[in-house]
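These are the residues of each chain, in order.
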Amino acid sequence: MLTTVTAGNAYDVALENFDTAANALGLDQDTREMIKYPERILMVTVPVRMDDGHIHRFEAYRVQHSSVRGPAKGGIRYHPQVTLDEVKALATWMTWKCAVVNIPFGGAKGGITCDPKRMSQGELERMTRRYTSAILPIIGPEQDIPAPDVYTNPQTMAWIMDTYSMTKGYAVPGVVTGKPICLGGSLGRNEATGRGVFYTIECACEHIHIPLKGATVAVQGFGNAGSIAAQLLHDAGAKVIAVSDSTGCVYNRNGLNIPELIHMKVLCGHVEGFPESEPISPAELLAMDCDILVPAALENTVREDNAASVRARIIAEAANGPLTPAADRILERKGAFVIPDILCNAGGVTVSYFEWVQDEQHLFWEAQDIYNRLERVMKTSFRDVLKIHLDRNVPMRIAANMLGIGRVSEAVKIRGIYP
Ligand code: NAD
């Protein structure tokens, strides 16, 4: 297994990016105090009876960063390296992300420090239900709405929805998004993040005049976000020449057959050994001579020590926080165009919002309707961020943060402080 690169503290990155954008906005100190830090942090112990009969204790978190613009919203991550600081960072980014795409949600995130790959379905179900029970007092359709993130999926959401509903005594589909369709999930939610990444790449290619057809792409992380983005880029005529997951990296200069690679990943759980490909190292993937690099794994994968090796002209952050601020500065000097995470991967939360709206209305939309609405939201948001980038001559990340933080500060100022 490849080592997960999470050197550095994602929360420090989130705070540094906040300060840079707040300074550019000229935000006053009082407003900064009101919006910068999480509103509520819940740490829970999750004891689970494992299949061999012993009880294992997991540490878990739910962080609500902001409810200024609406219910807190954000995924739940299962990963051995989940820490409170990581969850705080991810929750903070959710706040700005929801504001960038202008949906009426605040930001939250949850996580359990566990190794889901070494757990049975039964163990995962018991852990998920106990965690749900522990955070139940602070979640709900009007309060805080979880969703999938790394190593959680529609099945996980179904268990959360069921546990919450059994406690309430009636079905509450709106408590989570990313649910299976038969439980009130939305068409298009599963592929929403990758689809949103694709729309923003289309916009970036247009902006810097790279024809998408024939463009070369490297994708780091081949899960929900990375594989769908790769599929759509492949369908649009781009050549996806390198792909990695936690087990290895594969490369073919003439383009990998993405539908078959997805098929293999689903069947075997890895990309390594894909026919008509050669193995490369994670460092070679990041340094790939290509037009578009899509980091779609975890935080801090491009840092001060390896950013200079990146040769892609567009970096599309499907993952949250893959570039550190030092990497940002290096890539900026190299003239790379970064589509920042809070814009690039906002398709997931946007369709989560559509799912929540449909659940609340008990009225469901057609897939094409969802794609059209998503495309509109993503492309409008891209234009909004690009305008700040060009007008204010700031990097795209700062521009996106300025848009998101600006909208949250406007809301907090008009709400005022209670009491
Ligand atoms: P996932 O669990 O579906 O996939 C994660 C993928 O990353 C897997 O293929 C795994 O093998 C790979 N990976 C893990 N460590 C790696 C490493 N060191 N090198 C290369 N690959 C590695 O997760 P996902 O939902 O696709 O999430 C990926 C990223 O996208 C995360 O940063 C997540 O926060 C972000 N994101 C996801 C969504 C969503 O709706 N799923 C929305 C917004 C942002």
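Procedures and definitions
- Starting afresh in each chain, residues are numbered from 1 along the sequence in its written order.
- pLDDT decides what is reported in this predicted model: residues at 70 or higher carry local features, side-chain atom pairs at 80 or more are listed and counted, and totals for whole chains, interfaces and linings draw on all residues regardless.
- Only hydrogens and water are set aside; all other atoms, that is, all heavy atoms of the structure, feed into the side-chain values.
- The secondary structure listing takes helices from DSSP runs of H or I that are at least 4 residues long and strands from runs of E that are at least 2 residues long, numbered from the N terminus.
- Radius of gyration here uses only the C-alpha atoms, and the compact-globule reference equals 2.2 Å multiplied by the residue count raised to the power 0.38.
- For each residue, the accessible area found with a 1.4 Å probe, counting protein chains only, is set against the maximum for its type, and the residue is called buried under 20%, exposed over 50%, and partly exposed in between.
- Two residues qualify as a contact provided that any one of their heavy atoms is within 4.5 Å of a heavy atom in the partner residue.
- Surface accessibility in these figures is a Shrake-Rupley result with a 1.4 Å probe; residues are shielded only by whichever protein chains are displayed.
- For every domain, the bounds stem from an assignment made automatically or drawn from a database.
- What gets called buried area is simply the loss in accessible area from a 1.4 Å probe that two parts show on being joined, summed for both.
- Every case where a carboxyl oxygen of Asp or Glu lies within 4 Å of a side-chain nitrogen of Lys or Arg is listed as a salt bridge.
- Residues adjacent in sequence count toward polar contacts only when both atoms are side-chain atoms; beyond that, a polar contact is any pair of N or O atoms within 3.5 Å, and within protein one must be able to donate a hydrogen and the other to accept it.
- Throughout this entry, Asp, Glu, Lys and Arg are counted as charged residues, while Ala, Val, Leu, Ile, Met, Phe, Trp, Tyr, Cys and Pro are counted as nonpolar. The remaining residues, Gly among them, count as polar.
- Pairing of aromatic rings covers Phe, Tyr and Trp, the last counted by its six-membered ring, and requires centre-to-centre distances within 6.5 Å; plane angles under 30 degrees mean stacked, over 60 mean edge-to-face, and any other angle means tilted.
- For a lysine, the NZ atom is tested; for an arginine, the CZ atom; a charge sits over a ring if that atom is within 6 Å of the ring centre and within 35 degrees of the ring normal.
- Here, a strand pair is defined by DSSP locating no fewer than two bridges between the strands.
- Orienting the strands away from the viewer, one traces the path from the first strand over the helix to the second; a clockwise path indicates a right-handed crossover.
- Orientation is described by lines fitted to C-alpha atoms, with helices fitted over the stretch in contact, and by angles between N-to-C directions that extend from 0 to 180 degrees.
- Residue proximity to a molecule or strand is established when one non-hydrogen atom of the residue lies within 4 Å of it.

## Here we look at the overall build of the protein
Logical step 1: Helix and strand content of the protein: 14 helices and 12 strands.
Logical step 2: Relative to a compact globule of 419 residues, whose C-alpha radius of gyration would be 22 Å, the protein shows 20 Å and is just as compact.
Logical step 3: Along the first, second and third principal axes, the C-alpha atoms of the protein reach 55 × 55 × 40 Å.
Logical step 4: Scored against the burial criterion, the 419 residues of the protein give a buried share of 60%.
Logical step 5: Look at the contacts in the protein between residues 6 or more apart in sequence, and 69% of them connect residues 24 or more apart.
Logical step 6: Carbon and sulfur atoms make up 52% of the accessible area of the protein, which amounts to about 17,000 Å² in all.

## Quick notes on the domain arrangement of the protein
Logical step 1: The domains assigned to the protein are domain 1 (37-173) and domain 2 (192-339).
Logical step 2: The gap between the C-alpha centroids of domain 1 and domain 2 is 28 Å.
Logical step 3: Both faces considered, domain 1 and domain 2 share a buried interface measuring about 570 Å² in area, 46% of it formed by carbon and sulfur atoms.
Logical step 4: For Glu-299, the salt bridge identified is with Arg-77, shortest N-O distance 2.6 Å.
Logical step 5: In this structure, the connection of domain 1 to domain 2 is made through 3 residue pairs in polar contact (both at pLDDT 80 or more).
Logical step 6: When residues of the side of domain 1 that touches domain 2 are traced back to their parent elements, those giving at least two are β3 (72-79) and α3 (84-100).
Logical step 7: In the side of domain 1 that touches domain 2, the residues fall into 4 nonpolar, 1 polar and 6 charged.

## Focus: the environment of Trp-93
Logical step 1: Mapped onto the elements, Trp-93 comes out in helix α3.
Logical step 2: For Trp-93, a relative accessible area of 5% puts it in the buried group.
Logical step 3: Counting along the chain gives 79 residues from Trp-93 to Ala-14, while the straight-line C-alpha distance between them is 7.1 Å.
Logical step 4: If near-sequence neighbours (up to four positions away) are discounted, Trp-93 is found in contact with Ala-10, Val-13, Ala-14, Glu-299, Asn-320, Gly-321, Asp-341 and Ile-342.

## What to know about the packing of aromatic side chains
Logical step 1: In the structure shown here, the tally under the stated rule is 8 aromatic pairs.
Logical step 2: Between Phe-337 and Phe-382, the aromatic rings sit 6.3 Å apart at their centres with planes inclined by 40 degrees, giving tilted as the arrangement. In this pair, Phe-337 is assigned in strand β12 (residues 337-339) and Phe-382 in helix α13 (residues 367-392), connecting sequence segments 45 residues apart. Like Phe-337, the residue Phe-382 is buried in the burial classification.
Logical step 3: Ring geometry for Phe-354 and Trp-365: centres 5.5 Å apart, planes at 50 degrees, overall tilted. Separated by 11 residues along the polypeptide, Phe-354 in helix α12 (residues 347-361) and Trp-365 in the loop between α12 and α13 bring together distant segments of the chain. Like Phe-354, the residue Trp-365 is buried in the burial classification.
Logical step 4: An aromatic cluster is built from Phe-105, Tyr-353, Phe-354, Trp-356 and Trp-365, whose rings are joined through pairwise contacts.
Logical step 5: Looking at Arg-195, its charged tip hangs above the ring of Tyr-371, at a distance of 3.8 Å from the centre.
Logical step 6: The positively charged end of Arg-373 is found above the aromatic ring belonging to Trp-365, 4.1 Å away from the centroid.

## Some remarks on the pairing of β3
Logical step 1: Where burial is concerned, most of β3 is hidden: 8 out of the 8 residues are buried.
Logical step 2: Across 5 bridges, β3 lies against strand β5 (residues 144-148) in parallel orientation. Across the sheet, residue Lys-73 finds its bridge partner in β5, namely Ile-145.
Logical step 3: By the bridge criterion, 4 bridges tie β3 to strand β4 (residues 107-113) in an arrangement that is parallel. Looking at β4, one finds that Ile-76 is bridged to Gly-110.
Logical step 4: Following the chain from β3 across α3 to the adjacent parallel β4, one finds a crossover that is right-handed.

## Side note on the sheet that holds β5
Across a sheet, strands are paired by hydrogen bonds formed along the backbone, either parallel or antiparallel in direction.
Logical step 1: Pairing is mixed in the open sheet, where 5 strands are placed in the order β1-β2-β4-β3-β5. Of all the strands in the sheet, the pair left with one neighbour each is β1 (40-49) and β5. Strand-to-strand twist in this sheet, taken as the mean axis angle between neighbours without regard to direction, amounts to 20 degrees.
Logical step 2: Across the face of the sheet, α3 comes into contact with β1, β2 (55-66), β3 and β4 while running at roughly 155 degrees to β4.

## A few points about the site of the ligand
Logical step 1: If you check the shell around the ligand, you find 25 residues, and the closest are Asp-149, Thr-193, Asn-224, Ala-225 and Asn-320.
Logical step 2: Separating an oxygen atom of the ligand from a backbone N or O atom of Tyr-151 is a distance of 2.9 Å.
Logical step 3: Here Gly-223 contributes a backbone N or O atom positioned 3.2 Å from an oxygen atom of the ligand.
Logical step 4: For the ligand, the protein covers 92% of the area, taking 820 Å² as the surface of the free molecule.

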